[in-house]
2 protein chains.
Amino acid sequence: MCELLGMSANVPTDICFSFSGLMQRGGATGPHRDGWGIAFYEGRGVRFFHDPAPSVESAIARLVRSHPIKSHIVISHIRQANVGQICLENTHPFSRELWGRSWSYAHNGQLDAQLYELPLEFYRPIGTTDSEYAFCWLLGQIRQRFPQEPDDIGELSDFIGGLCDRLRGFGVFNMLLTESRYLFCYCTTKLSWLTRRAPFGEARLKDYELTVDFCDETTPLDVVTVIATDPLTDNEAWQALQTGELCVFRDGLVVARREAVPVASA
Amino acid sequence: MCELLGMSANVPTDICFSFSGLMQRGGATGPHRDGWGIAFYEGRGVRFFHDPAPSVESAIARLVRSHPIKSHIVISHIRQANVGQICLENTHPFSRELWGRSWSYAHNGQLDAQLYELPLEFYRPIGTTDSEYAFCWLLGQIRQRFPQEPDDIGELSDFIGGLCDRLRGFGVFNMLLTESRYLFCYCTTKLSWLTRRAPFGEARLKDYELTVDFCDETTPLDVVTVIATDPLTDNEAWQALQTGELCVFRDGLVVARREAVPVASA
């Protein structure tokens, strides 16, 4: 299995603190040694860092941790391989363009062989993971249903939620997905989030000896939501998503939410 | 205008030496302060680094220069903006997926407004540069002509050469393009290359006080070709591509070449 980390904020915010915790799970406090990756959005643009080396030993991960890159939306992933060998093309997040937007996606879980019966039309996998295959199918379905970008985020979210439900029919599907403004978070087994806003307090990492007082780092108007497979701090109240729940954030706030619906038998 | 740097090699090779020269042109010995980017291929996978900050001042560029990332194919670009503001989404190289391969592209030059009469079908620009628009058109044309990957590199190269000729009809179009094995280099005004192979010798950068003896860094079987807008060293014999010439490299060797043909009047 793998671990996911996401962020949605209303001001450009760095993720050094949370990433410091996550990267420890890539070989130190956790077994996720099979690569890591991160996508930072700045407007419509995105920077990626991908590395098939363990995050705890990676020079690039040290740069990401120590060099504050400020972003509205972040998606990160550390990998413990199950399907697909350890190599660069199998390292999340995966990305494709749709509607002139750069979509990124990371997945935690495993999907059974029935997945490969889903037809791919527009997007094809570059690597050999079940995760990327699922992404290519999912984005192709969105493209087919919405040749143009829809105005209604509710309609788009419902459609994406339905696609995620189908993928959940094949196994464990925890997902972070974004098109540069909205962060779509879908849960099968494990995904928790918290929103930091005024009055800010102190946060203490579980995996690394580090405490930050966000009072010193923020303005009273900042709203920053962090999403992770497992809570990264031990002194804050994280909320767990339910199985089959989709939660959509923009600028740090929930803008759409789709409760679990029963999975149709595949 | 901008500067391009590419590499094709038969063994995973780092580009620290050449990149050390190029990054000086991003604010020190050259005026290309408006961002830089680089794509490193490892098999079918690719790592990108993109930064809208000047390369000479960039912490990420320092990492790329000092941390040897070994690759078969590299494309890099430093930008002096003409069309499109300075921001992450306007920073080359641009990338899209076709045939389950990650294509990357960087452009030097400027294309006039007639470019935008070319219809886009599959790929749409994320940023606002003429360069990315041209890439979306070019890759869409390849996709339409070859829904499946062709076996014959000559046929593909001829087709790409013809597309580049059309783009050259709109202005200056110097280009580096790759799909992970082949490096397509097209010249309108400025593009030079050299191949380093045994017996290796010493190379001295023009833009930075640095000399490398490649004898110490290579094996006798290594073949490494470097392509750049302007020669990066002053003690080696660079070959200039001709206007309208396309040269295609694989594993450091020329595998296809298309001489200039007259540009049809647009």
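Throughout this description, residue numbers start from 1 for each chain and increase along the sequence as written. Written order decides the labels, with chains lettered from A and ligands numbered from 1. With the structure being a predicted model, the display of local features is reserved for residues of pLDDT at least 70 and the display and counting of side-chain atom pairs for 80 or more, all residues being used for whole-chain, interface and lining totals. Excluded from the side-chain calculations are hydrogens and water; all other atoms, namely the structure's heavy atoms, are used.

- Chain A is annotated in an unreviewed UniProt entry as Class II glutamine amidotransferase from Marinobacterium rhizophilum.

Description of the overall build of chain A
- The number of helices and strands found in chain A is four helices and 15 strands.
- With the radius of gyration taken over C-alpha atoms, the globule rule is written as 2.2 Å times the number of residues to the power 0.38. Compactness check: chain A gives a C-alpha radius of gyration of 17 Å against a globular reference of 18 Å for 266 residues, within 12% of the reference.
- Counting only C-alpha atoms and orienting by the principal axes, one finds that chain A spans roughly 50 × 40 × 35 Å.
- Residue burial in chain A is summarised as follows: out of 266 residues, 60% are buried.
- Taking the contacts inside chain A whose residues are at least 6 apart along the sequence as the reference set, 71% of them involve residues at least 24 apart.
- Values of accessible area rely on a 1.4 Å probe in the Shrake-Rupley scheme; residue burial ignores everything except the protein chains shown. By element, 49% of the accessible surface of chain A is carried by carbon and sulfur atoms, the whole surface being about 9700 Å².
- The convention is simple: Lys and Arg are positive, Asp and Glu are negative, and His and the chain ends are not counted. Think of each charge as sitting on NZ of Lys, CZ of Arg, CG of Asp or CD of Glu. Positive and negative side-chain charges in chain A, numbering 24 and 33 respectively, have mean positions lying 2 Å apart. Helix numbering and strand numbering both begin at the N terminus, where a helix is a DSSP run of H or I of at least 4 residues and a strand a DSSP run of E of at least 2. Type-normalised accessible area, obtained with a 1.4 Å probe on protein chains alone, sets the label of each residue: buried when under 20%, exposed when over 50%, and partly exposed for intermediate values. The contact definition used throughout considers only heavy atoms, calling two residues in contact when any of these lie within 4.5 Å.

Observations concerning the nonpolar core
- Judged by nonpolar contacts, the single largest core of 69 residues is most densely connected at Ile 142 and Phe 184 of chain A together with Ile 142 and Phe 184 of chain B.
- Side-chain atoms within 4.5 Å are what join buried Ala, Val, Leu, Ile, Met, Phe, Trp, Tyr and Cys residues into a set we call a nonpolar core. Among the nonpolar cores identified, the runner-up in size contains 62 residues, and Ala 61 of chain A together with Leu 5, Ile 69 and Phe 214 of chain B belong to it.

Topic: the sheet that holds strand 3 (residues 45-51) of chain B
All names here are of chain B.
- The strand order across the open sheet formed by seven strands is 3-2-4-1-12-9-13, and the pairing between neighbours is antiparallel. Lying at the two open borders of the sheet, with one neighbouring strand each, are strand 3 and strand 13 (239-240).
- Inspection of the sheet shows strand 2 (residues 36-42) paired to strand 4 (residues 71-78) by six bridges, in the antiparallel sense. In the sheet register, Gly 37 faces strand 4, and the bridge partner there is His 77.
- On the sheet, helix 2 (residues 59-66) packs against strand 2 and strand 3 and is oriented at approximately 35° with respect to strand 2. By the convention used here, strands pair only if DSSP detects at least 2 bridges between them. Lines fitted to the C-alpha atoms define the axes, with helices restricted to the stretch that makes contact. Angles between their N-to-C directions range from 0 to 180 degrees.

Concerning the sheet that holds strand 14 (residues 246-250) of chain A
All names here are of chain A.
- As summarised here, the arrangement of the six strands in space is 5-6-7-8-14-15, forming an open sheet in which the pairing is antiparallel. In this open sheet, the two strands that pair with only one neighbour each are strand 5 (94-98) and strand 15 (253-258). The sheet shows a mean angle of 20° between the axes of neighbouring strands, taken without regard to direction.
- Sheet topology note: the strand 14/strand 15 ladder contains five bridges and is antiparallel. The residue of strand 15 that forms the bridge with Arg 250 is Leu 253.
- On top of the sheet, helix 3 (residues 130-145) reaches strand 5, strand 6 (101-108) and strand 7 (174-178); it is set at about 15° to strand 5, its chief contact.
- Strands strand 6, strand 7, strand 8 (183-186), strand 14 and strand 15 of the sheet are contacted by helix 4 (residues 153-168), whose axis makes an angle of about 35° with strand 8.

A short note on the relation of the copies chain A and chain B
- Here the copies are superposed with least squares, the fitted atoms being C-alpha atoms of residues at a pLDDT of at least 70 in both. Superposition record for chain A on chain B: RMSD 0.0 Å, screw rotation 180°, translation along axis 0.0 Å. Considering both components of the superposition, the chain copies are consistent with a two-fold axis.
- Comparing contact sets, 100% of the residues at the interface of chain A also lie at the interface in chain B, consistent with an isologous, same-surface contact.

Details of helix 4 (residues 153-168) of chain B
Residues and elements named next belong to chain B.
- Taking 1.5 Å of rise per residue, the 16 residues of helix 4 would be expected to cover 22 Å, and the 22 Å separating its terminal C-alpha atoms lies within 8% of that figure.
- For helix 4, the secondary structure elements touched by its buried residues are strand 6 (101-108), helix 3 (130-145), strand 7 (174-178), strand 8 (182-186), strand 14 (246-250) and strand 15 (253-258).
- Structurally, the start of helix 4 carries an N-cap: the backbone nitrogen of Gly 154 is 2.8 Å from a side-chain oxygen of Asp 152. One less than the residue count of a helix, multiplied by 1.5 Å, gives the span that helix is expected to have. Polar contact is the term for a pair of N or O atoms within 3.5 Å; when the atoms are in protein, one must be able to donate a hydrogen and the other to accept it, and sequence-neighboring residues count only if both atoms are side-chain atoms.

Quick notes on the packing of helix 3 of chain A against helix 4 of chain A
Residues and elements named next belong to chain A.
- Contact pair helix 3 / helix 4: the axes reach a minimum separation of 11 Å and the direction vectors enclose 145°. The handedness of the crossing between helix 3 and helix 4 comes out as right-handed. Of the residues in helix 4, those touching helix 3 at Ala 134, Trp 137, Leu 138, Gln 141, Ile 142 and Arg 145 are Glu 155, Leu 156, Phe 159, Ile 160, Leu 163, Cys 164, Arg 166 and Leu 167.
- Basically, the charged four are Asp, Glu, Lys and Arg, the nonpolar ten are Ala, Val, Leu, Ile, Met, Phe, Trp, Tyr, Cys and Pro, and anything else, Gly included, counts as polar. The residue makeup of the contact of helix 3 with helix 4, split by class, is 10 nonpolar, one polar and three charged. Crossing handedness follows the turn of the near helix against the far one: under a right angle anticlockwise gives a left-handed crossing, and clockwise gives a right-handed one.

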